[in-house]
Amino acid sequence: MAEEEKTEEAAPKEKKSSNMLMIIIIVVLILIIIIGAVVAVLLMGGDEEAVKNTSTPQAKERSVSTQRSRATNDAFNDTRKLDQIGTLYPLDTFTVNLKSDSGRRYLKVTMSLELDNPELSHELDAKAPVLRDRIIRILSSKTLEEISSKKGKQKVSEQIMDTLNSMITDGQIKGIYFTEFVIQ
């Protein structure tokens, strides 16, 4: 009889401890998922504010006007017909190593620049090595996570356009079109 009472008392304790262990495991898993989501959001969206806060006042004024024109250009680019697109200036293929901690990744990109006037192509021809250097530097400074999304490609495109527009004098680059974009 005494042995039966001991086994009856031990069974509820084991059940209670296994239920408690299961609850602890579930809570820990939920916390890990929440922390991972917060870290992912912070890594994906924090770059814009850091760049805006560290720029000079003149660069801020220029970036505000560029952002306004870019916002109208983005809406305009999505609804424009093919006959409304300006002169296209094709660039050679760029193959660069991506910035990566784990493993080797590279990016192969071919793009065309939309020019606001055809005369700008002469200046681009004359400055081609410098333009290629700037584009290579921009592309090789990016990680896989930064360029794999649509928003990331748009940011890279805007960064290249802003950099090139600050270097040229005969006109403006209105858009950048990727004709090949391979990540490996």
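A. Seen up close, the overall build of the chain. A count of helical and extended segments in the chain gives seven helices and four strands. Going from N to C terminus, the chain has its helices and strands arranged as α-α-α-β-β-β-α-α-α-α-β. Looking at the chain as a whole, 22% of its 184 residues qualify as buried. Counted over contacts in the chain with a minimum sequence separation of 6, partners at least 24 positions apart contribute 71%. About 13200 Å² of surface is accessible on the chain, with carbon and sulfur atoms providing 58% of the total.

B. Broad picture of the packing of helix H5 (residues 128-140) against helix H7 (residues 150-167). Running from N to C, H5 and H7 cross one another at 150°; their axes reach a closest spacing of 10 Å. Relative to H7, H5 is oriented roughly antiparallel. Like other packed secondary-structure pairs, H5 and H7 cross with a definite hand, here right-handed. In this structure, H5 contributes Val-130, Leu-131, Arg-134, Ile-135, Ile-138 and Leu-139 to the contact, and H7 contributes Val-156, Gln-159, Ile-160, Thr-163, Leu-164 and Met-167. Among the residues forming the contact of H5 with H7, the class breakdown is nine nonpolar, two polar and one charged.

C. Representation of the side chain of Lys-142. Inspection of the secondary structure assignment puts Lys-142 in the loop between H5 and helix H6 (144-147). No salt bridge is formed by the buried Lys-142, whose closest oppositely charged neighbour, Glu-146, lies at an N-O distance of 4.9 Å. Reaching out from Lys-142, the side chain makes a polar contact with the side chain of Gln-159 at a distance of 2.7 Å. Here Lys-142 is in contact with Leu-98, Lys-99, Ile-147, Val-156 and Gln-159, once residues within four sequence places are set aside.

D. Examining H7 more closely. Look at H7: 26 Å from first C-alpha to last across 18 residues, which is about the 26 Å you get at 1.5 Å a residue. Of all the positions in H7, only Gly-152, Val-156, Ser-157, Glu-158, Ile-160, Met-161, Leu-164, Asn-165 and Met-167 are classed as buried.

E. Just the side chain of Ser-157, in detail. Tracing the backbone shows Ser-157 in helix H7. The class for Ser-157 is buried, based on a relative accessible area of 6%. The residues contacting Ser-157, other than those within four sequence positions of it, are Ile-176 and Phe-178.

Calculation notes
Residues numbered from 1 in each chain as written. Predicted model: local features only at pLDDT ≥ 70, side-chain atom pairs only at ≥ 80, totals over all residues. Heavy atoms only, no water. Helix = DSSP H or I, 4+ residues; strand = E, 2+ residues; numbered from the N terminus. Buried < 20%, exposed > 50% of the residue type's maximum accessible area, 1.4 Å probe, protein only. Contact = heavy atoms within 4.5 Å. Areas by Shrake-Rupley, 256 points an atom, 1.4 Å probe, with all protein chains shown as cover. Axes fitted to C-alpha atoms, helices over the stretch in contact; angles between N-to-C directions. Parallel < 35°, antiparallel > 145°, perpendicular 65-115°, else oblique. Left-handed = near helix turned anticlockwise from the far one by under 90°. Nonpolar A, V, L, I, M, F, W, Y, C, P; charged D, E, K, R; others polar. Lys, Arg positive; Asp, Glu negative; His and termini not counted. Salt bridge = Lys/Arg side-chain N within 4 Å of Asp/Glu carboxyl O. Polar contact = N/O pair within 3.5 Å; in protein donor to acceptor, adjacent residues only side chain to side chain. Expected span 1.5 Å × (residues − 1).

These figures capture arrangement, not role.
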